[in-house]
Structure formats: structure tokens, C-alpha cells
Amino acid sequence: MTEQSSDPIPRDDVRPAFWDTVPLEKLTPTEWEALCDGCGKCCLNKLEDEATGEVVLTRVACKLFDDSTCRCSNYPTRHKYVPECIVLTPNTIRDSLYWLPQTCAYRLVYEGKPLFDWHPLISGTPQSVHEAGVSAQDLTVSEANTPEDDWEDHIIEEPL
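The rules behind the values
Residues numbered from 1 in each chain as written. Predicted model: local features only at pLDDT ≥ 70, side-chain atom pairs only at ≥ 80, totals over all residues. Heavy atoms only, no water. Helix = DSSP H or I, 4+ residues; strand = E, 2+ residues; numbered from the N terminus. Rg over C-alpha atoms; globule rule 2.2 N^0.38 Å. Buried < 20%, exposed > 50% of the residue type's maximum accessible area, 1.4 Å probe, protein only. Contact = heavy atoms within 4.5 Å. Areas by Shrake-Rupley, 256 points an atom, 1.4 Å probe, with all protein chains shown as cover. Lys, Arg positive; Asp, Glu negative; His and termini not counted. Charge placed at Lys NZ, Arg CZ, Asp CG, Glu CD. Phe/Tyr/Trp six-rings, centres within 6.5 Å; stacked < 30°, edge-to-face > 60°. Lys NZ or Arg CZ within 6 Å of the ring centre and 35° of its normal.

On a plain count of helices and strands, the protein chain comes out with seven helices and six strands. Order of helices (α) and strands (β) in the protein chain, N terminus to C terminus: α-α-β-β-β-β-α-α-α-α-α-β-β. For the protein chain, whose C-alpha radius of gyration is 16 Å, the value lies close to the compact-globule estimate of 15 Å for 160 residues. Across the 160 residues of the protein chain, 41% fall into the buried class. Sequence separation of 24 or more characterises 57% of the internal contacts of the protein chain that already satisfy a separation of 6 or more. Total accessible area on the protein chain is roughly 9,200 Å²; 49% of this is exposed by carbon and sulfur atoms. Distance from the positive charge centre (13 side chains) to the negative charge centre (29 side chains) of the protein chain: 6 Å.

Put into C-alpha cells, the structure is as follows:
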């Protein structure tokens, strides 16, 4: 794979096409993390319609989200600052499907769908998700500066 050194997600020590052949609960921790495409959309605040249950994305990002890299600025200790940050695992994914972005690799693999060509595991580069225009890069406003009453003004359509 190319540009591997610039990818903060380790993708070297994984089985070939594991996402097509290995059940989620049998993935190694490295393979699980490698499924993340780096889009940053899971770090965007969502709004849920109480009547319909429909969930929409906003461009209002978690206060720890780095808009330029689409990464958490404090991933190892994020729960200290954002206790409600969800830890997605093979055991919790089913409960999280309703809010996971349509392009999320975890959701796609769970649903038995193929990864998109721009996914870093397919393209070989972490930049492909940004080049494809499906990431939150340079799109967000921080929740620290955006009152919750204004979040409806920042709804974005999925998929990006």
C-alpha cells in the first residue's frame, strides 16, 4: 500500500481482504481499527427526530475533533473529556447502526456490503476518503462554539 506512513491507523498487519472474509467478531484489534476510513463523520453531532427516529448529521463536530485531519485530537484519553463518546465494537455495532453514516465501513461490513473504492484498505492511501469528498474535512464547526439550539442550522445530507 502507498502512503502507509502518513496513515495514523495501522493497516499493515492485517489479513488480505479480511473485511470480506472474516466475521466482525473474529477480527483482530488491528483489523477492527483498520476498518475505520478516517472520514470523521462519527465525530459529528447528530439530531434525532423523536417522532420518526430519523437521524441526521450536522456539521457540528465534537470539541475534540480536528477538522483538518478528521481525527480526534485526544483519542487515547477522549473519554476523560467526552464521557459520552461511543466505543464501537463488534458487540455494540448493532445498537449503533441507526446513527452510523451510510458510508461507514463498520456499517457496510455488518450489512454484508462491499467497501467503497476510496476506502484506504482498497485505495492504499488515507487521503482517498478526503479526495472522494466523503469526509468531514474542512466542513465542521465546533460544538464548543455552536449553541445546541443552532445545530438544526448545520444539518448536512448523507452521504457526503
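That was the structure; now back to the text.
Attention shifts here to the environment of Glu54. Within the fold, Glu54 resides in the loop between strand E1 (44-48) and strand E2 (55-61). Aside from chain neighbours lying at most four places away, what touches Glu54 is Leu47, Glu48 and Asp49.

For the rest of this paragraph, the subject is the packing of aromatic side chains. Using the criterion set out here, one finds three aromatic pairs in the structure. When the ring of Phe18 is compared with that of Trp19, the centres are 5.2 Å apart and the planes differ by 80°; the resulting orientation is edge-to-face. In terms of burial, Phe18 and Trp19 fall into one category: buried. The side chain of Arg78 reaches across the aromatic face of Tyr75, ending 4.0 Å from its centre.

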